[in-house]
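# Overview (structure and organization)
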Amino acid sequence: MIEKIETCELALEEAGYPWQAVEGDGVTWLLLRRKNNTAPNRISGLDRVVLERFTWDILAREEKRTVYAGSLAVAVRYFGPGAAEEGALTAADEDENLCRELFAGAEPGGRQPRLQTGFEFSEEPPEEETSFPSIVLDAVEEAPHSREIKTGCGTECWRTELVWKAVLSGEGVAAPPRLVKLHLAQLGLYTLLLEAAIRLETMPEQAGAHRGGGEFLAVPRKTTALLLKGEEILEVLGIAQQRGFFAALVDDENRNAAITNLLKTTLVYVSARKGGERLLAASHVCAEESRLPWSSALEFPPSSYSCKMEHLKTMQPDAGRIICETRVWRSANHEYPPTKPKQANTLAAAHSKSALEKMEVNRLDRKKPGDKWRKKTAPYPVDNRKDKLVISIRMRHRQ
Amino acid sequence: MVGGPGDAKTAADFSWLPTSYGLEAQSCEKRDGVWRVECGRGAFAVREYNGDDGRLEPALDWQNFLAAQGCRGVPSVIKTKGGQNWTKYEGKTYYVTAWAVQQEFNPQTGEHLLAAVEQLGVIHRLSRDYSRDRQGRLDRWHADKLIWPVAMQKRLSEILGFDRCIRSRRLRTDFERVFAENCRPFYRQGQEALQELVVGGFAAELPENGHPLVNSFLKRNMGVNKEVAVYVDLTRWALGPPAMDLALFLNSFLPLHKWDCSLVGSLLETYEQNNALPVRERSLLVPLLRFPWRFWLYARQYADRTENPAALTAKLASYIDETRWREKCLESLDGWVWREKR
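Calculation rules
Residues numbered from 1 in each chain as written. Chains lettered and ligands numbered in written order. Predicted model: local features only at pLDDT ≥ 70, side-chain atom pairs only at ≥ 80, totals over all residues. Heavy atoms only, no water. Helix = DSSP H or I, 4+ residues; strand = E, 2+ residues; numbered from the N terminus. Buried < 20%, exposed > 50% of the residue type's maximum accessible area, 1.4 Å probe, protein only. Contact = heavy atoms within 4.5 Å. Areas by Shrake-Rupley, 256 points an atom, 1.4 Å probe, with all protein chains shown as cover. Buried area = accessible area lost by both parts, 1.4 Å probe. Salt bridge = Lys/Arg side-chain N within 4 Å of Asp/Glu carboxyl O. Polar contact = N/O pair within 3.5 Å; in protein donor to acceptor, adjacent residues only side chain to side chain. Core = buried A, V, L, I, M, F, W, Y, C linked by side-chain atoms within 4.5 Å. Pairing = 2+ DSSP bridges. Axes fitted to C-alpha atoms, helices over the stretch in contact; angles between N-to-C directions. Patch = residues over 30% accessible without salt bridge, like charges linked within 9 Å, V, L, I, M, F, W, Y side chains within 5 Å. Expected span 1.5 Å × (residues − 1). Parallel < 35°, antiparallel > 145°, perpendicular 65-115°, else oblique. Left-handed = near helix turned anticlockwise from the far one by under 90°. Nonpolar A, V, L, I, M, F, W, Y, C, P; charged D, E, K, R; others polar. 1 Å grid on protein atoms, 1.4 Å probe; cavity = no way out; pocket = protein on both sides within 12 Å on 5 of 7 lines; lining within 4 Å. Points joined across faces, edges and corners; volume = space filled by probe spheres on them. pLDDT = per-residue confidence, 0-100.

### Side note on the overall build of chain A
Of the regular secondary structure elements, chain A holds 2 helices and 16 strands. For chain A, the proportion of its 399 residues judged to be buried stands at 40%. Intrachain contacts of chain A at a sequence separation of at least 6 include 76% that bridge at least 24 residues. On chain A, roughly 23,900 Å² of surface is accessible, and the fraction owed to carbon and sulfur atoms is 52%.

Quick look at the structure:
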């Protein structure tokens, strides 16, 4: 059954340096970025990118989390100032004189010009296509003789190593990380930008198979249109979904339960717009609700919730719109650790006892006023009133 | 200030010349916005003045003073029959000078630059005497003084403001990319210039006991006559220390020579042969040269959309190159100022 198309308007996420992580259930995208300033030598063009090394290791693994560490070594070849043409020398008299006029005002003696502290555009300038080059590459194989790269006439080489760490959350077996895209661009006269998109994911698992207990139920297929205004998407790299803040509302009368949560959908894509970062992420957060049929287990709140998303189809009908069809497998788990009530009682009793003892110790440590001047040889327990020495003094009256 | 009358004028259109000046126009030709009018007594330059008439009179008076003192770098002003320096005709203001330009000023040749800086030194030297003579008349122009470090700091704030503005969203054009890439080094240069200005003792207003300055070095307002440079338009004058003029002159034409240190040295030497600068003014020259005036200007023009972004990007890239050469040259100038101090 196909539900109606839901529309999500994505907001572009700010490009982070030196990394940007997009985490979803069963997938993590790591966008690595590095800039290199070649000043005072101008860049006159890009030659190529050579992947020298892509290594990784698993640092730690828990039931639903895997921690990776790795490094990516890249050699970037570009054309240096030897091949660049410096602009023709021009006189600056018009502009310099205009600066002087605007600065000092027309009046001799220099009337204080009207200056503003902020800066406002009279009208936002229209976007223009950049003249600076940009290269997007698919995952490239490690160059067999990459260490032998030599700079040719007019070409320069920038070697860089991007060290990374990332966490992958989700059930299933972790698959080897993949370097999906590389982007090299010239930004300005002296700046090189290198971007890399690494995908970490768990191996696809049989839907319904679940280790945490509970039963997975498939929510009907959902088709979502992801809109990204003012942006042109060249290629969709992936869609990550992250769910949190689960809550259940059981309805005894209607014999069902509504499970609500927040859903963050993040689109990782290659932008068609040159002149800046092109491996980007855009996201949308919305509330999600699905209904589970009544079961006796729902008499108590679930101990945890699980969701698994299955991507069925992704289409891009135009530059700023993505249609994706998904199916979600949901589960409310009812296994409370510890499972044996007797054991839990014992644990609780032990916990209470130790807490009381701790309190006792604290009380004994406290000294009574004047304790310091009492006889040290005959200490008495302060709190045991039965053992307390009671002195009675009989007063005799002499007659 | 000097605007050209319509290009289609004939000698008959200067019918006011005989009545006002006693000159009979025989032919006329427009050159760089100025009418070259051929009369029986020779060639004259007829200029229309579009600025404040109050500023014109002191400018022409100063020009006449310089010419009378034997300065060959300015043409003498022709007086009207009534002894005025200028005249009004059909609501427009005109003044006439002798036609002094034989050859176009070519800033690409070192000889022309040396000739120009030589005459600039002469003008500055003679202007001191003019200031002494006309002190009372110039006082009113000293009234509203500009506090330079404050005004310069505001320019730097505007540079930062523009940078923040374009970085708050995605960069849209190559101009923004190049600007954002180079904003920090230019801001640092500006701060350095301000520090030098304050350390040099110019924390207050600059036109302190200022003399009239040419204040405009547009190529079209300069010429050469028998190897002597001529400044044909002094109506953009300002009051201030001569280092202001010198800085504007060097910033205008030295980019053409990639800020050749030896040429700059020769220009300063030639200037000082005609008008020796006190050490305090020398120390003012370096910050005035270093301040990123045009970096601010291009941002302003871009924001106001008064110039084509592509053309501005080319100008900005060229300015960035110039700055590199200029900084190298200023390092040697720093030494020059220091040596004099010792």
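### Considering the interface of chain B and chain A
Counting residues at the interface gives 68 residues for chain B, matched by 57 residues for chain A. Both sides of the chain B and chain A interface together cover about 5,700 Å² of buried area, and 53% of this is carbon and sulfur. Where chain B packs against chain A, one counts 6 salt bridges. Seen at the junction of chain B and chain A, the total is 22 residue pairs in polar contact (both at pLDDT 80 or more). Only α5 (148–167), α6 (174–199), β12 (238–240), α7 (242–253), α10 (293–304) and α11 (309–341) of chain B provide two or more residues apiece to the side of chain B that touches chain A.

### Looking at the nonpolar core
Residues Leu66, Phe162, Phe179, Phe217, Tyr231 and Phe249 of chain B are the most contacted members of the largest nonpolar core, which totals 91 residues. One finds Val49, Leu51, Leu184 and Leu192 of chain A within the second-largest nonpolar core, a separate group that totals 26 residues.

### Quick look at the pattern of salt bridges
As enumerated under the stated definition, the model contains 34 salt bridges over all chains in all. With its nearest N and O atoms 3.3 Å apart, the salt bridge here joins Asp95 of chain A to Lys315 of chain B. Taken together, the residues span two chains, with Asp95 of chain A in helix α1 (residues 93–104) and Lys315 of chain B in helix α11. Overall, the relative accessible area of 26% leaves Lys315 of chain B in the partly exposed class. A salt bridge links Asp321 of chain B to Arg324 of chain B; its shortest N-O distance comes to 3.3 Å. On the criterion of helical spacing, the pair formed by Asp321 of chain B and Arg324 of chain B is a turn pair, its members being 3 residues apart in helix α11. Overall, Asp321 of chain B belongs to the buried group, its relative accessible area being 2%. Within the structure, one salt-bridge network assembled from shared partners comprises Glu127, Glu231 and Arg273 of chain A together with Arg170 of chain B.

### Considerations on the sheet that holds strand β9 (residues 178–187) of chain A
All names here are of chain A. Strand order in this open sheet of 5 strands is β3-β4-β10-β9-β7, and the pairing throughout is antiparallel. Each edge of the open sheet is held by one strand with a lone partner, namely β3 (19–24) and β7 (134–138). Strand-to-strand twist across the sheet, computed as the mean angle between neighbouring axes with direction ignored, equals 10 degrees.

### Concerning unusual backbone geometry
Across the junction of Tyr17 of chain A and Pro18 of chain A, the peptide omega takes the value 0 degrees, indicating a cis bond. Relative to the assigned elements, Pro18 of chain A resides in the loop between β2 (11–12) and β3. Of note, the bond from Ala39 of chain A into Pro40 of chain A is cis; its omega dihedral lies within 30 degrees of zero at 10 degrees. Turning to its location among the elements, Pro40 of chain A is positioned in the loop between β4 (27–37) and β5 (45–61). Even without glycine at this site, Lys226 of chain B takes up a positive phi of about 50 degrees. Considering the arrangement of structural elements, one finds Lys226 of chain B in the loop between β10 (222–225) and β11 (228–231).

### Considerations on a nonpolar patch on the surface
On the surface, a nonpolar cluster with roughly 340 Å² of combined accessible area is contributed by Phe245, Leu262 and Val285 of chain A. With respect to the helices and strands, the residue Leu262 of chain A is situated in strand β13 (residues 256–271).

### As for the pairing of strand β3 (residues 34–39) of chain B
All names here are of chain B. In this structure, strand β2 (residues 25–31) lies alongside β3, joined through 6 bridges in antiparallel fashion. Bridging across to β3, Arg31 finds its partner in Val34. Counting the residues between successive antiparallel strands, the hairpin from β2 to β3 contains 2 residues, one of them, Asp32, with a positive phi of roughly 50 degrees. Sheet analysis places β3 next to strand β4 (residues 42–49), joined by 5 bridges and oriented antiparallel. Among the inter-strand pairings, Trp35 is bridged to a residue of β4, identified as Val46. Two successive antiparallel strands, β3 and β4, enclose a turn made up of 2 residues.

### Here's the deal with α7 of chain B
Given a rise of 1.5 Å per residue, 12 residues ought to cover 16 Å, and the 17 Å separating the end C-alpha atoms of α7 of chain B matches this to within 8%. For α7 of chain B, every residue scored as buried is listed here: Pro242, Ala243, Met244, Asp245, Leu246, Ala247, Leu248, Phe249, Leu250, Asn251, Ser252 and Phe253 of chain B.

### Thoughts on the packing of α5 of chain B against α10 of chain B
Residues and elements named next belong to chain B. Packing of α5 against α10 leaves a shortest axis separation of 10 Å and a crossing angle of 50 degrees. By the angle between their axes, α5 is oblique relative to α10. Judged by the sense of rotation from one axis to the other, the crossing of α5 with α10 is left-handed. On α10, the residues touching Trp148, Met152, Arg155, Glu158, Ile159 and Phe162 of α5 are Trp293, Phe295, Trp296, Ala299, Arg300, Tyr302 and Ala303. In terms of residue class, the contact of α5 with α10 is made up of 10 nonpolar, no polar and 3 charged.

### Some remarks on the sheet that holds strand β8 (residues 103–104) of chain B
All names here are of chain B. Read from one edge to the other, the open sheet built from 3 strands follows the order β8-β10-β11, with strand pairing classed as antiparallel. In the strand order of this sheet, the two ends are held by β8 and β11, each with one partner. Here 2 bridges tie β8 to β10, and the two strands are oriented antiparallel to one another. Counterpart to Gln103 in the pairing with β10 is Val224.

### Description of the packing of α7 of chain B against helix α8 (residues 261–274) of chain B
Residue and element names in this part refer to chain B. It is the contact of α7 with α8, at a shortest axis distance of 12 Å, that shows an interaxial angle of 150 degrees. α8 is crossed by α7, and the crossing has right-handed handedness. Within the contact between the two elements, α7 uses Pro242, Leu246 and Leu250 and α8 uses Leu267, Leu268 and Tyr271.

### Quick notes on the side chain of Arg169 of chain B
Looking at the secondary structure, you find Arg169 of chain B in the loop between α5 and α6. Here Glu176 of chain B takes part through its side chain, which lies 2.9 Å from a polar atom of the side chain of Arg169 of chain B. With residues near it in sequence (within four places) discarded, Arg169 of chain B still touches Phe121, Glu124 and Pro125 of chain A together with Glu176 of chain B.

### Observations regarding empty space enclosed by the protein
In total, this model carries 6 cavities of 30 Å³ or more according to the counting rule given. Here the second largest cavity is characterised by a volume of approximately 80 Å³. Along its surface, the second largest cavity is lined by Glu96, Cys99, Arg100 and Phe103 of chain A together with Ala247, Leu248, Asn251, Leu288 and Trp293 of chain B. If you list the elements that add at least two residues to the lining of the second largest cavity, you get α1 of chain A together with α7 of chain B. Residues of the lining of the second largest cavity, tallied by class, amount to 6 nonpolar, 1 polar and 2 charged.

### Focus: the layout of surface pockets
Its boundaries defined by the atoms lining it, the second largest pocket holds a volume of some 810 Å³. Residue assignment for the lining of the second largest pocket shows that the elements contributing at least two residues are β4 of chain A together with α6 of chain B. Classifying every residue of the lining of the second largest pocket by side-chain character gives 7 nonpolar, 6 polar and 12 charged.

### Some remarks on the confidence of the model for chain A
Residue and element names in this part refer to chain A. Per-residue pLDDT for chain A averages 78, and the proportion of residues at 70 or more is 72%. Every residue in residues 106–117 scores below 50 in pLDDT, and together they form 40 contacts with partners more than four places removed in sequence or on other chains. Low confidence marks residues 141–149, where pLDDT is under 50. Its contacts with residues over four positions away, or in another chain, come to 20 contacts.

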